[in-house]
Amino acid sequence: MQRIRLRYTKRGRLRFTSHRDFQRAFERALRRSEVPMAYSAGFTPHPKVSYANAAPTGTGSEAEYLEIALSEARDPGTLRELLDASMPDGLDIIDAVEARTSGLADRLTASVWEMRLDGVAVEEAEKAVTAFLAAETVEVQRRAKNGMRSFDSRAAVVDLQALDPQSDRSGDRPCAILRLVVRHVTPAVRPDDVLSGLRAVADLAPPVPAAVTRLAQGLFDEESGTVTDPLAPDRDAAPAVLSTDDRPAVATAPEGAGTA
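On a predicted model such as this, the values are computed, not experimentally measured, just so you know.

Asker: Even after reading the chapter, I still don't get the pairing of strand 7 (residues 147-152), so can you show me in this structure?
Answerer: If a strand is regular, its side chains alternate between the two faces of the sheet. Inspection of the sheet shows strand 6 (residues 139-144) paired to strand 7 by 6 bridges, in the antiparallel sense. Residue pairing for strand 7: Val-140 is matched across the bridge by Phe-151. As consecutive antiparallel partners, strand 6 and strand 7 are separated by 2 residues.

Asker: I tried to follow the packing of helix 3 (residues 122-134) against helix 4 (residues 191-202) on my own but got confused; where do I start?
Answerer: The relative placement of two packed helices comes down to the angle between their axes together with the axis-to-axis distance. Packing of helix 3 against helix 4 brings their axes to within 9 Å, and their N-to-C directions diverge by 95°. Put simply, helix 3 runs roughly perpendicular to helix 4. Facing Ala-128, Val-129, Ala-131 and Phe-132 of helix 3, the residues of helix 4 in contact are Val-194, Gly-197, Leu-198, Val-201 and Ala-202.

Asker: Which parts of the structure should I look at to understand the environment of Arg-154?
Answerer: Looking at the secondary structure, you find Arg-154 in the loop between strand 7 and strand 8 (157-163). Classification of Arg-154 by relative accessible area gives buried; the value is 15%. Along the primary structure Arg-154 and Ala-110 are separated by 44 residues, whereas in three dimensions their C-alpha atoms are 14 Å apart. Not counting chain neighbours up to four residues away, the residues in contact with Arg-154 comprise Phe-132, Leu-133, Ala-135, Glu-136, Thr-137 and Val-138.

Asker: Help me understand the pattern of salt bridges in this model?
Answerer: Side chains bearing opposite charge may pair, as long as their charged atoms lie close to each other. Per the counting criterion, the structure on display carries 17 salt bridges. Arg-24 is the partner of Asp-21 in a salt bridge, and the nearest nitrogen-oxygen pair spans 2.6 Å. Linking Asp-21 with Arg-24, this pair stays in helix 1 (residues 19-32), spanning 3 residues, or about one helical turn. Here Arg-24 falls in the partly exposed class, since its relative accessible area comes to 42%. For Glu-72, the salt bridge goes to Arg-74, with nearest N and O atoms at 3.3 Å. When its relative accessible area of 34% is taken as the criterion, Arg-74 is described as partly exposed. Ionic contacts of the salt-bridge type, sharing partners, join the residues Arg-3, Arg-5, Glu-67, Arg-107 and Asp-234 into one network.

Cut-offs used in this document
Residues numbered from 1 in each chain as written. Predicted model: local features only at pLDDT ≥ 70, side-chain atom pairs only at ≥ 80, totals over all residues. Heavy atoms only, no water. Pairing = 2+ DSSP bridges. Helix = DSSP H or I, 4+ residues; strand = E, 2+ residues; numbered from the N terminus. Axes fitted to C-alpha atoms, helices over the stretch in contact; angles between N-to-C directions. Parallel < 35°, antiparallel > 145°, perpendicular 65-115°, else oblique. Contact = heavy atoms within 4.5 Å. Buried < 20%, exposed > 50% of the residue type's maximum accessible area, 1.4 Å probe, protein only. Salt bridge = Lys/Arg side-chain N within 4 Å of Asp/Glu carboxyl O.

Structure (structure tokens):
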């Protein structure tokens, strides 16, 4: 059984698709592409697909991950192209590697998020960011299955910056971009929780809902403060393909030589 790990996106209007909607679209793409899926045992077999840490409905993403198990070996690059052609525009399969290591979910320990705040001046966003980072704790509330739940939104945030989107600003309308790195903790701290925290400490309230996009997710590197590619260990573990020049020479007998 071969395992393939895929990276996919949620772009444009497709950011409003739920995780269940994506599952249905992906399983249709598997059938259309005639992927030789491995199935679970039991009375109701289903394709072996493992989803990891899906983004909330309404947020865009450039870095969603899943793993599939195949009953027959396939080239990851060819498989990616077939699946991408069968998916709706906006749900794009952008990377595929053969799983050669264990623990993909264990390597998804942090996310890089971007929030576009239309109607908010960069200076106002910078003041709110400074107040948020200076606080030891920022308590926020979120409605859960068992009612309202309070938790600290500050501890999970390892970096938060306010940026000016000068390249795409139209007219004099103010706009600020928040770039944040958030650890995956329990309970999960989502971008909207950070916005609630900014409202609590600095009364930052965007006049329109923020456009939120996950730019990356992976293992958080403590030394560099960056989020690394979770598929890199699988690429590094792949056997090297020797070129013609790199292959060892085969010794041949000189022309005309024979046995004694």
